[in-house]
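Overview (structure and organization)
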Amino acid sequence: MSKVTVVKEAVKETLVGSTEPQELSAQTKARFIKHAIKEDGAEPYLGPDEFINAVAPPSEDYHKIKREQYSILFHVADRSNKGKVTLADWGYFENLLTKPDAEYEIAFRLFDIERLGKVKYEDFRRLYELNKGPDSIPFDWECDWAKLYIGSKAKHSMDYQQFSQMLRGLQGERVRQAFQHLDKDGDGYIEPEEFERIIKETARHKLSDYLLENLSTLCNISQGSKISYANVRAFQNMIHEMDLVELIIRRACAKSTDGKITRTEFLNQAAKITRFSLFTPMEADILFHFASLDEPSGRLGLKDFKKVLDPSWRSRQGDEDAVRAVTETTRSAGQKFLAQGLESAYGFALGSIAGAFGAFMVYPIDLVKTRMQNQRGANPGQRLYNNSIDCFKKVIRNEGFRGLYSGVLPQLVGVAPEKAIKLTVNDLVRGWFTTKDKQIWWGHEVIAGGAAGGCQVVFTNPLEIVKIRLQVQGEVAKSLEGAPRRSAMWIIRNLGLVGLYKGASACLLRDVPFSAIYFPTYSHLKKDLFGESQTKKLGILQLLTAGAIAGMPAAYLTTPCDVIKTRLQVEARKGDTQYTGLRHAAKTIWKEEGFRAFFKGGPARIMRSSPQFGFTLAAYELLQTAFPFPGKGKAEVATGVADVVQTLKEKHPDSPFYRSRNALKILLDLDENFGRAPLGVNAKGWQTLPGWMQNPVKSS
């Protein structure tokens, strides 16, 4: 190419722009190659069966759609009508699925047989007649509703906008005609079984097994035993607006104190969300009727509504997949038990490491706290440290930086079982007191926390006394020339079994109220301040904040017990008061040092407890990310947002399978049997129809 040509092309590109050839993504190519038929010397392609495997993997859940019905989409992807889908066709189909209105566009292209951007009425009518079930309720295409879209005399073709709008209203017209067809005596009522037939033929693919099994109970909302057209339309409106219904329910439940709502609360929330009063009292009655069949009460939660809202909800009876799942569960019960045990051990190991990390990070603060609490004498001249900061400086100056970590080893050893025992007992006792609707009285929360604190003392008291004696021996060595430095094992042997539990009563007096304050406070902060619920998971920052705030009152209010415990457990120096027990220590401290002495080291306890929880939780989250449990899928990230964007809809709406299934749902609005009648593997797309159907269809 000459320089002149290059310059001309560059100028042209600058003025009018250029179009880059579209390249397929690696994922698109990989999905195609995985299922394609590869013949020598020929381009790889997908036949109908291979296409189904590509868009509808066997492992997916098809709800009420038959897997073979996905073959109907093959005719959309097969642009050249050769019975083969090439890589270019597959790229076109996947690109089509990424469009925001993919479902309607796929339906349009399916009926646009000549691929000219218009759907002819004759083609649409023929294909509908070909695919509808033999026992389907008849539909009159010469009705006034159809004439409004296609004309009454010379029926015109429909472009994409007209066709998609017609499809949107088609199901409602089918329901109207079906009701009129079954209402033989014209009194405006049909039998419950007839209503069940209408809904199953028009909306089976959108409803859960629970709804399908209980359709005939709709007559229970009225005085009579029959179902009116108003009931049918109200039920259809609820189905049509199911996403909005779920949004309203989730917001109303999130604002409720117990996570449950009444019919009135639903309507009030609907009035706030919608611009107009979209839902009628009858529609609300129908929603609450079906949601409360298993639990007839005035207040319902998300668990009750899920059976109505979620089309993937399966019946426990008559579902082959569910039976197979139960069988597999029974067979592998031992394996699952072992897996759960290994996963629990894995969580315990990560928790131990994270707990040790948190304890290590705040240990200098803990040492300062202990030194301050052990400092005796009411007169300033008798004190070794003026305040916590002065203590911190003197420890570094006299003992070096390593002095801040005196006795850290017992703390690291003891923090893992301490956290494990505390959390396990608290969860266990809370479980005993929690009702079936997940509610617990605050008094029971306090009891659960107190029990957790009491149980940990049995294990932690020996570690506490060893840690404290190691923490203060640095200042003993400074005050007494030639004082020997003791190891943890020497202290254990010297104290003996009984001595290791010295001060246990004070330790119990500290840990029981600490946990009784901490756990309920932490639980209510998460629920009341940050709005945690069954539908809202908190983010790590919110958990850190709740844990830090909960630790402040728990730590400070139990400081007097901690001071007494420290005085009892520390090895008294020559000239210091010897405490004989809990009551003697409390009376002596009050008499010699005053009330303020009971809160020595209080700020240090707050500064230690809050960040320790934060460091521990942060480390645990990072360890879980860095070292995931083998075989466990990637955990969903909690956004910490309680909005209703977290619905019961598909988790991966952009994948080929989910968008293909949504497209089929719209096509099944025509008839539940749509796509079940095969047109032949070697047929030229949808243009090959039986000879008797080549003439224009006459109205029946």
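These numbers come from a predicted model, not from an experiment.

Criteria and thresholds
Residues numbered from 1 in each chain as written. Predicted model: local features only at pLDDT ≥ 70, side-chain atom pairs only at ≥ 80, totals over all residues. Heavy atoms only, no water. UniProt positions renumbered as here; feature names shortened; annotations may be inferred. Helix = DSSP H or I, 4+ residues; strand = E, 2+ residues; numbered from the N terminus. Core = buried A, V, L, I, M, F, W, Y, C linked by side-chain atoms within 4.5 Å. Buried < 20%, exposed > 50% of the residue type's maximum accessible area, 1.4 Å probe, protein only. Contact = heavy atoms within 4.5 Å. Expected span 1.5 Å × (residues − 1). Patch = residues over 30% accessible without salt bridge, like charges linked within 9 Å, V, L, I, M, F, W, Y side chains within 5 Å. Areas by Shrake-Rupley, 256 points an atom, 1.4 Å probe, with all protein chains shown as cover. Salt bridge = Lys/Arg side-chain N within 4 Å of Asp/Glu carboxyl O. Phe/Tyr/Trp six-rings, centres within 6.5 Å; stacked < 30°, edge-to-face > 60°. Lys NZ or Arg CZ within 6 Å of the ring centre and 35° of its normal. Lys, Arg positive; Asp, Glu negative; His and termini not counted.

**A few points about the UniProt feature "domain: EF-hand" (unreviewed entry) in the protein chain**
- Within this numbering scheme, the UniProt entry marks residues 99-134 and 170-205 as carrying the feature "domain: EF-hand" (unreviewed entry).
- Annotated as 58% helix and 0% strand, the span residues 99-134 places its first and last C-alpha atoms 34 Å apart.
- For residues 170-205, the end-to-end C-alpha separation is 16 Å, with 69% helix and 6% strand making up the annotated structure.

**Concerning the nonpolar core**
- Within the largest apolar cluster, 53 residues are counted, with the highest numbers of intra-cluster contacts made by F51, F93, F111 and F163.
- Among the elements of the structure, α3 (48-55), α4 (74-77), α5 (87-97), α6 (102-111), α7 (121-131), α8 (144-150), α9 (160-182) and α28 (656-667) are those that each provide at least two residues to this core.
- For this core, the element with the most residues is α28, which contributes 6 residues.
- Excluding residues that lie within four positions of it along the chain, F111 makes contacts with V119, D123, F124, L127, F163, L667, L670 and F674.
- M238, M242, I286 and L309 belong to the second-largest nonpolar core, a separate cluster that totals 44 residues.

**Describing the side chain of D390**
- Within the fold, D390 resides in helix α19 (residues 388-399).
- For D390, a relative accessible area of 15% puts it in the buried group.
- Not counting residues within four places of it along the chain, the set of residues in contact with D390 comprises L384 and Y385.

**Overview of helix α10 (residues 192-203)**
- For α10, which comprises 12 residues, the first-to-last C-alpha distance of 16 Å matches the rise-based estimate of 16 Å (1.5 Å per residue) to within 8%.
- Within α10 the residues assigned to the buried category are P192, F195, E196, I198, I199, E201, T202 and A203.
- If you follow the buried residues of α10, they end up packed against α9, β1 (189-190), α11 (209-213), β2 (227-228) and α12 (229-240).

**Let's talk about a nonpolar patch on the surface**
- Judged by side-chain polarity, L428, W432, F433 and I447 come together as a nonpolar surface patch covering roughly 430 Å² of accessible area.
- Per-element accounting of the nonpolar patch gives the leading share, 3 residues, to helix α20 (residues 408-433).
- Tracing the sequence through the fold places L428 in helix α20.

**What to know about the environment of K64**
- When you line up the elements, K64 lands in the loop between α3 and α4.
- Along the sequence, K64 and P311 sit 247 residues apart, while their C-alpha atoms lie 8.5 Å from each other.

**Quick notes on the packing of aromatic side chains**
- Enumeration over the complete set of coordinates arrives at 29 aromatic pairs.
- When the centroid spacing of 5.2 Å and the interplanar angle of 85° are considered together, the rings of F124 and W141 count as edge-to-face. Here F124, found in helix α7, pairs with W141, found in the loop between α7 and α8; they are 17 residues apart in sequence, far enough to count as distant.
- Grouping aromatic residues by their ring pairs yields a cluster made of F108, F111, F124, Y128, F139, W141, W145, Y149, Y160 and F163.
- Lying across the ring of Y45, K84 places its NZ or CZ 4.5 Å from the centre.

**Some remarks on the side chain of D78**
- Looking at the element boundaries, D78 is found in the loop between α4 and α5.
- Buried charge D78 goes without a salt bridge, the closest partner of opposite sign being R115 at 6.2 Å.
- Contact partners of D78, with chain neighbours within four places excluded, come to G83, K84, V85 and R115.

**Some details on the pattern of salt bridges**
- Under the defined criterion, the tally for this structure stands at 23 salt bridges.
- A salt bridge links R510 to D562; the shortest N-O distance between them is 2.7 Å. With a gap of 52 residues between them, R510 in helix α23 (residues 504-529) and D562 in helix α25 (residues 559-569) connect regions that are remote in the sequence. Summarising the burial analysis for this pair, R510 and D562 share the class buried.
- Three or more residues are tied together by salt bridges with common partners; here these are K99, E105 and R109.

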